[in-house]
Structures are given as structure tokens and as C-alpha cells.
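In case you want the letters, here they are:
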Amino acid sequence: MTPQLETGAAGLTIRWDDGTVGQFPFIWLRDTDPSGFHPDTGERAFDLTTIPLDIRAEDAAIEGGALRLRWPGADVESRFDLNWIKAHRPGQRRSDPAAVTPVRWRNSLGAEGIPRADAATLAASDDAFCEWLLDTKRYGVSIVTGLADELEAGLDVARRIGHLRETNFGLTFDVESKPDPNNLAYTADALPLHTDLTNQEMPPGYQFLHCLANEAVGGGSTFCDGAAVAEDLRAQNPEAFEVLSTVEVPFRFYDSVTDIRSRKTMIVLDDDGAVSEVCFNAHIADVLDIDPEAMVAFYRAYRELMALTRGPQYTIALKLCGGEMVVFDNRRVLHGREAFDPSTGRRRLRGAYVDRGEWDSRIRVISRG
Ligand code: OGA
Ligand code: ZN
């Protein structure tokens, strides 16, 4: 049946048979006219300042599966496909193949519960690649197995997603015990659970650590779901959660050529109040400069979060083997490692980052089919 059309003072209401009701303000209809988008690029070419805010259609009708509108002025008409306009009705988000419901996990997931994908399977199929992208996004972590023993093997997987995110540590980086390190990761020391580069205006999204060798004594990896920790903190100690999601703290990385600083809250919420990000790195938290009156409350909350990340209920421990690559959302999942003894064998990881936007873009493009 043809949907019902009602013309009001400020716009149109369309009622579909299945109960869907769309409200379409005239200004939106004029601005969204499909002919106002560039035929090649799909970008909006229409100039909003050429029409008044209170524009009204002179005529509106539904015919032949389309909504037709006539606007004041010389022969200006719009035609909207009815299915298209239903799918794009205002007040709801555009459907997104990259939107997933995160699976919050704790220690009970176990190392064997981390999604795994074989490099050859990923290489052979876009569908398998997309499933892996979605799974990794759901859990915030996965392991790619069976990578060739080549410097570029892990990077090839990352590059298939999108552009690598270059940082002051380079487009890619080698995690090894090095002389004269500018970063604790480049020592043989233990690293407690943390997220990388919280000192950046936007910390990198997904991190890739391709294990080329892990033959030294020690050097096991740890992971925890920062969003699960933060949500538990909200339930157990709402005051601490409030402090950590509202008080901005300074982060800083500096060496002889770099001094990168940023202020952010350790827990970041999205518009719906859900935890969207955790920025947690005690090594590069700068000297705390918050109001002295608020200082002890901040430390109380911060220590509580830190203590949770050290507790066994969240941490998954595993030891990466050569040919494995761990991939994780650096803005959600915390990572760490045990100390290792470089005199007992080689340990070398090749790292890179790909931001969340590139990740989601690849999911959407593959999902187009
Ligand atoms: C890092 C890091 C972990 C590891 O490079 O940021 O945390 O296992 N490395 O060496
Ligand atoms: Zn790190």
C-alpha cells in the first residue's frame, strides 16, 4: 500500500504500513534533495545559504514509489525514493555495518577465549577478513596465527585495513631491548597493564604486535578489557568513576627531539554514557597539576582503578610465539608484559597502529559486497 502523507506547517509526516512513522522537516527535505549531491563524488554540492530556513514545499505527493516535492521558485522539484527516505528518516542513526555490541570480558574468558584467525584464511577471503575485523572489534583483541617469519608479514595485515598511524616512534616500531631506550617498552623491564601514547591528542586505535621471536626467559603478555574494569568501577564505586571520567590529567612524552602533551580523562564516555575509551598509562602521566583540594580524591580514584587492573579477575596472560600477532584496540584494551632476560634468548615484536576510523571503513567497504 502507498504510505500515507500528511503535510504540516513545518514539514511532512509519512506513515508506512508497517507502523514506521517518519517526520521530515522542509528544511531537511530541501537540503537532502538527492540532486543536490555531486553525481560522481556523492558529496553535498547544495548551498544551504541559497534557501530560507522557513522554506516550505508548495506541493508534495507520493507516486510510483517516490515522494515528489515542488519548491518555490523556478521549477525546483525533488524526488526521493520512498525506501531510501524511510531508511534515512531523521531522529535515528544511519545503519552501520561497523556498529557492533562490544563483548566485555574478564579473566574468565581465558587466553583460549580470545578470537583467533589464521593468516592464510584471512588472506584468502574478504568475508573471513571482515568477520575477523568485527570479532576483534567486539572483544577489543584477537590473535592472528600462522604469519610468515618476515618483517612485513604482520604489517601486510594491518595495511590491508588502512593507513598505518605514524607516531613519534615511527610508522612501525620494533619492540626489543635496545641500548639507550627512549621508552620503557624498549627495555627488558616488566610493563604493567597500560594503553599506549595517552599523551597524544588522539591515542592510536588498534595496535598490532607481530611476534618475530620470543625465546627469552619471561616476556609473557598480559591483557585486560579496560571497558569492563571501568564499568565494574562504576558499579562498585560511582564516586571514583565520576572523578576519573571528569577530571582531566596531563600526559607527556618527551625525549631529545619530542615533547608531546595532552590532557584527558582516564575514562572517556560516549554520548550515551557508555565507556568508549580508557587512557591509562602511569609512565607518561605528567606531574599532576590538578586543584590541590581535588588531589587526594583523584589519587583515591586513580589508585582504585590501578588496583583493579592489577587484580587477577581481569587479566589474561599468555606468551606470544613467533608467527603470532596480537591485535587490540589500544583505546579500550590494556596490555602489559613480564620482564624478560635478554641474555637467555631473543625477543622481538614488530608493532604498528591503525586508527579506529580506518578499521570501521574497511568493515563498511567489505560489507558493500
Ligand atoms: C609496547 C608494549 C609490550 C611487549 O610496545 O607498547 O607495551 O610485549 N609492548 O613488549
Ligand atoms: Zn605498550
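What comes next is a walk through the structure. Computed from a prediction, not measured in an experiment: that's the story for all the values here.

Notes on the packing of helix H4 (residues 126–139) against helix H9 (residues 356–367)
Then step 1. Following both chains from N to C, one finds H4 and H9 inclined at 140°, their axes separated by 10 Å at the closest point. As judged from the angle between their axes, H4 and H9 are oblique. Pair H4 / H9 crosses with left-handed handedness. Contacts between H4 and H9 pair Asp-126, Phe-129, Cys-130, Trp-132, Leu-133, Leu-134, Thr-136 and Lys-137 from the former with Trp-359, Asp-360, Arg-362, Ile-363, Ile-366 and Ser-367 from the latter.
Then step 2. For the contact of H4 with H9, the per-class residue count stands at 8 nonpolar, 2 polar and 4 charged.

Concerning the packing of aromatic side chains
Then step 1. Overall, the coordinates contain 16 aromatic pairs when judged by the stated rule.
Then step 2. Look at Phe-208 and Trp-359: their rings are 6.3 Å apart centre to centre, the planes differ by 45°, and that puts the pair in the tilted class. Linking Phe-208 in strand E11 (residues 206–214) with Trp-359 in helix H9, this pair joins segments that are 151 residues apart in sequence. An identical accessibility class is assigned to Phe-208 and Trp-359; each is buried.
Then step 3. Among the aromatic residues, those joined into a ring-pair cluster are Trp-16, Phe-24, Trp-28, Phe-80 and Trp-84.
Then step 4. The residue whose ring lies beneath Arg-160 is Phe-129, and the NZ or CZ to ring-centre distance is 3.8 Å.
Then step 5. Directly above the ring of Tyr-254 sits Arg-252, whose terminal nitrogen or CZ lies 4.0 Å from the centroid.

Things to note about the coordination of the zinc ion (ligand 2)
Then step 1. Donor atoms from the polypeptide that bind the zinc ion (ligand 2) are His-194 (NE2), Asp-196 (OD) and His-335 (NE2), placed at 2.1 Å.
Then step 2. Written as a sequence motif, the donor arrangement for the zinc ion (ligand 2) is H-x1-D-x138-H. Of this pair, His-194 sits in strand E10 (residues 191–194) while His-335 sits in strand E20 (residues 333–337), and the two are 141 residues apart along the sequence.
Then step 3. Under the relative-accessibility criterion, His-194 is labelled buried at 7%.

Structural notes on the sheet that holds strand E7 (residues 116–118)
Then step 1. The 6 strands are arranged E7-E8-E19-E11-E22-E9 in an open sheet whose pairing can be described as mixed. The sheet is open, and its two borders are formed by E7 and strand E9 (173–175), each paired with just one other strand. Neighbouring strand axes in the sheet, compared pairwise and without regard to direction, differ in orientation by 25° on average.
Then step 2. Bridge analysis of E9 against strand E22 (residues 347–354) gives 3 bridges, and the strand direction is antiparallel. Paired with Asp-174 across the strands is Arg-350, a residue of E22.

Overview of the site of ligand 1
Then step 1. Taken together, Val-175, Ala-185, Leu-191, His-194, Asp-196, Gln-207, His-335, Arg-337, Arg-347 and Leu-349 are the residues near ligand 1.
Then step 2. Taking Arg-347, its side chain carries an N or O atom lying 2.7 Å from an oxygen atom of ligand 1.
Then step 3. Protein chains bury 95% of the 290 Å² of accessible surface belonging to ligand 1 in isolation.
Then step 4. Secondary-structure elements contributing two or more residues to the shell around ligand 1 are E10, E20 and E22.
Then step 5. Classifying every residue of the shell around ligand 1 by side-chain character gives 4 nonpolar, 3 polar and 3 charged.

Remarks on the pattern of salt bridges
Then step 1. Taken as a whole and judged by the stated rule, the model has 26 salt bridges.
Then step 2. Note that Asp-33 is salt-bridged to Arg-30, the shortest N-O span being 3.7 Å.
Then step 3. For Arg-30, a relative accessible area of 12% gives the class buried.
Then step 4. With its nearest N and O atoms 3.4 Å apart, the salt bridge here joins Arg-348 to Asp-174. Taken together, the residues span a long stretch of sequence, with Arg-348 in strand E22 and Asp-174 in strand E9 at a distance of 174 residues. A single burial state applies to Arg-348 and to Asp-174, both of which are buried.

Parameters and conventions
- Residues numbered from 1 in each chain as written.
- Chains lettered and ligands numbered in written order.
- Predicted model: local features only at pLDDT ≥ 70, side-chain atom pairs only at ≥ 80, totals over all residues.
- Heavy atoms only, no water.
- Axes fitted to C-alpha atoms, helices over the stretch in contact; angles between N-to-C directions.
- Helix = DSSP H or I, 4+ residues; strand = E, 2+ residues; numbered from the N terminus.
- Parallel < 35°, antiparallel > 145°, perpendicular 65-115°, else oblique.
- Left-handed = near helix turned anticlockwise from the far one by under 90°.
- Contact = heavy atoms within 4.5 Å.
- Nonpolar A, V, L, I, M, F, W, Y, C, P; charged D, E, K, R; others polar.
- Phe/Tyr/Trp six-rings, centres within 6.5 Å; stacked < 30°, edge-to-face > 60°.
- Buried < 20%, exposed > 50% of the residue type's maximum accessible area, 1.4 Å probe, protein only.
- Lys NZ or Arg CZ within 6 Å of the ring centre and 35° of its normal.
- Donors = N, O, S within 2.8 Å, 3.2 Å for Na, K, Ca; no water.
- Pairing = 2+ DSSP bridges.
- Near = heavy atom within 4 Å.
- Polar contact = N/O pair within 3.5 Å; in protein donor to acceptor, adjacent residues only side chain to side chain.
- Areas by Shrake-Rupley, 256 points an atom, 1.4 Å probe, with all protein chains shown as cover.
- Salt bridge = Lys/Arg side-chain N within 4 Å of Asp/Glu carboxyl O.

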